[in-house]
Amino acid sequence: MRKLVSLVAVASAAFAAVVALPTDAPARGHGTSYTVLQMNLCLSGLAGCYPRTSYPTVLDEAAAQVVDHEPQVVTLNEACSGDARTMATRTGYHLRFAAVRYGASALPCVKPGGRGVFGIAVLTKAPIVSSRDRAFSVQANFEQRRWVCASTTDDVTACTAHLSTRGTTRERTTNDAECRELRGVLTGYDATGTTVFGGDVNRQAPCAPPAMWATEDGAAAQLSGIQHVYGSATLDAPNARVTAAVHTDHDFLLTAGRLYARPRGER
């Protein structure tokens, strides 16, 4: 793990890179503001980063980000089902959670216990009308990797995933396969309506389909470049920035754009 850089050394809102943007993005009117906040919170109680979370201070820090920025979508990696429900209740957001299996069963979160099971989550301002989650077809080890997508009443689908690390040859091969599969999932959703994605993809190269733009947390002081946010062309002029995180080992990635209406089902 990289050494934490002093908060003085990182701006509270450093700009991150926009690594891809379709040239046919809409340019009509002003649109409406639409933001996505990606956070990896290290909440399992088992990972090496967990001691620094000062639980439950990590939840206070994450909830404050949501309250301060009021994003339309929050994507959470390394979350716990009970903690995700707590965040949704505290912020007034709607929740979809997907449990990540360890071996044959779900992984209970510990230190303290009673926080549900480990996984990933999407929180949305707009009510959720449907959702899907699946495990990736290829897995590297006992920690299952999966994706979850939630479609909302504002005709936007929000997705998240936490891909395998790339430490070994097998893990790199698996991460590449997960990336291709994720690209296919997002392509399908983008073909029928506005789609956004936020997640820790554990790689520098994006998994965004060609029709979607991509941003990444290249300005982060911690583990930079591996958290990404992607969006449909109906989200114009994406502007990404990183805010420093004290109680988790990934900084926060906030991407804002202008949303232009495209009814679901219209290409």
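An account of the accompanying structure is given in this report. (Residues numbered from 1 in each chain as written. Predicted model: local features only at pLDDT ≥ 70, side-chain atom pairs only at ≥ 80, totals over all residues. Heavy atoms only, no water.)

### Details of the overall build of the chain
Let me state the cut-off plainly: Secondary structure is summarised from DSSP: a helix means a run of H or I of at least four residues, a strand means a run of E of at least two, and numbering begins at the N terminus for each. Note on classification: 1.4 Å probe, protein chains only; a residue is buried when its accessible area is under 20% of the maximum for its type, exposed when over 50%, partly exposed between these limits. Residue contacts are counted whenever heavy atoms from the two residues lie within 4.5 Å of one another. Only the protein chains shown count as covering a residue, and every accessible area follows the Shrake-Rupley method with a 1.4 Å probe.
Within the chain one finds three helices and 16 strands. Out of the 267 residues belonging to the chain, those deemed buried represent 55%. Look at the contacts in the chain between residues 6 or more apart in sequence, and 71% of them connect residues 24 or more apart. Accessible surface computed for the chain: about 10800 Å², of which carbon and sulfur atoms make up 55%.

### As for empty space enclosed by the protein
Inclusion rule: Using a 1 Å grid laid over the protein atoms alone, points where a 1.4 Å probe fits but cannot get out form a cavity; open sets with protein on both sides within 12 Å along at least 5 of 7 lines form a pocket; any residue with an atom within 4 Å of a point counts as lining. Grid points are joined across faces, edges and corners, and a volume is the space filled by probe spheres set on the points. Note on residue classes: Ala, Val, Leu, Ile, Met, Phe, Trp, Tyr, Cys and Pro are nonpolar, Asp, Glu, Lys and Arg are charged, and everything else, Gly too, is polar.
A complete count under the given rule lists two cavities of 30 Å³ or more for this structure. Roughly 50 Å³ of internal volume is contained in the largest cavity. If you go around the largest cavity, the residues you meet are Val 100, Phe 118, Gly 119, Ile 120, Glu 143, Gln 144, Arg 145, Arg 146 and His 162. Among the elements that line the lining of the largest cavity, the one with the most residues is strand S8 (residues 118–124), at three residues. For the lining of the largest cavity, the residue count by class is three nonpolar, three polar and three charged.

### Concerning the packing of helix H1 (residues 57–69) against helix H2 (residues 81–91)
Our working definition: To get an axis, fit a line to the C-alpha atoms, keeping to the stretch in contact for a helix; angles then go from 0 to 180 degrees between the N-to-C directions. Each angle receives one of four descriptions, namely roughly parallel if under 35 degrees, roughly antiparallel if over 145, roughly perpendicular if within 65 to 115, and oblique otherwise. The handedness criterion is simple: a crossing whose near helix is rotated anticlockwise from the far helix by less than a right angle is left-handed, and one whose near helix is rotated clockwise is right-handed.
It is the contact of H1 with H2, at a shortest axis distance of 10 Å, that shows an interaxial angle of 40°. As summarised for this structure, H1 and H2 are arranged oblique, according to the angle between their axes. In this structure, H1 crosses over H2, and the sense of that crossing is right-handed. Judged by residue contacts, Leu 59, Asp 60, Ala 62, Ala 63, Val 66 and Val 67 of H1 engage Asp 83, Met 87, Arg 90 and Thr 91 from H2. The class makeup of the residues in the contact of H1 with H2 is six nonpolar, one polar and three charged.

### Concerning the environment of Tyr 102
As a reminder, the rule being used: As used in this structure description, the phrase polar contact means that two N or O atoms lie within 3.5 Å; if the pair is within protein, one of them must be able to donate a hydrogen and the other to accept it, and residues adjacent in sequence are counted only when both atoms belong to side chains.
Tracing the backbone shows Tyr 102 in strand S6 (residues 101–102). Measuring from C-alpha to C-alpha, the distance between Tyr 102 and Asn 141 comes to 8.9 Å, with 39 residues separating the pair along the chain. Not counting residues up to four positions away in its chain, the partners in contact with Tyr 102 are Leu 107, Phe 118, Phe 142 and Glu 143. Side chain to side chain, Tyr 102 and Glu 143 meet in a polar contact 3.1 Å long.

### Some remarks on the packing of aromatic side chains
The following threshold applies: Paired rings are identified among Phe, Tyr and Trp, the last through its six-membered ring, by centres lying within 6.5 Å, and are further divided according to the angle between planes into stacked (under 30 degrees), edge-to-face (over 60) and tilted (the rest). By definition, being over a ring means that NZ of Lys or CZ of Arg is both within 6 Å of the ring centre and within 35 degrees of the ring normal.
Under the counting rule described, the total for this entry stands at three aromatic pairs. Each ring, one from Phe 197 and one from Tyr 230, has its centre 5.0 Å from the other, and the planes form 20°; the classification is stacked. On the criterion of sequence distance, the pair formed by Phe 197 in strand S12 (residues 194–200) and Tyr 230 in strand S14 (residues 227–231) is long-range, its members being 33 residues apart. The class of Phe 197 is buried, set by a relative accessible area of 0%. Grouping aromatic residues by their ring pairs yields a cluster made of Tyr 102, Phe 118 and Phe 142. Sitting over the face of the ring of Tyr 55, Arg 115 holds its NZ or CZ atom 4.5 Å from the ring centroid.

On their own, these measurements won't tell you what the molecule is for.
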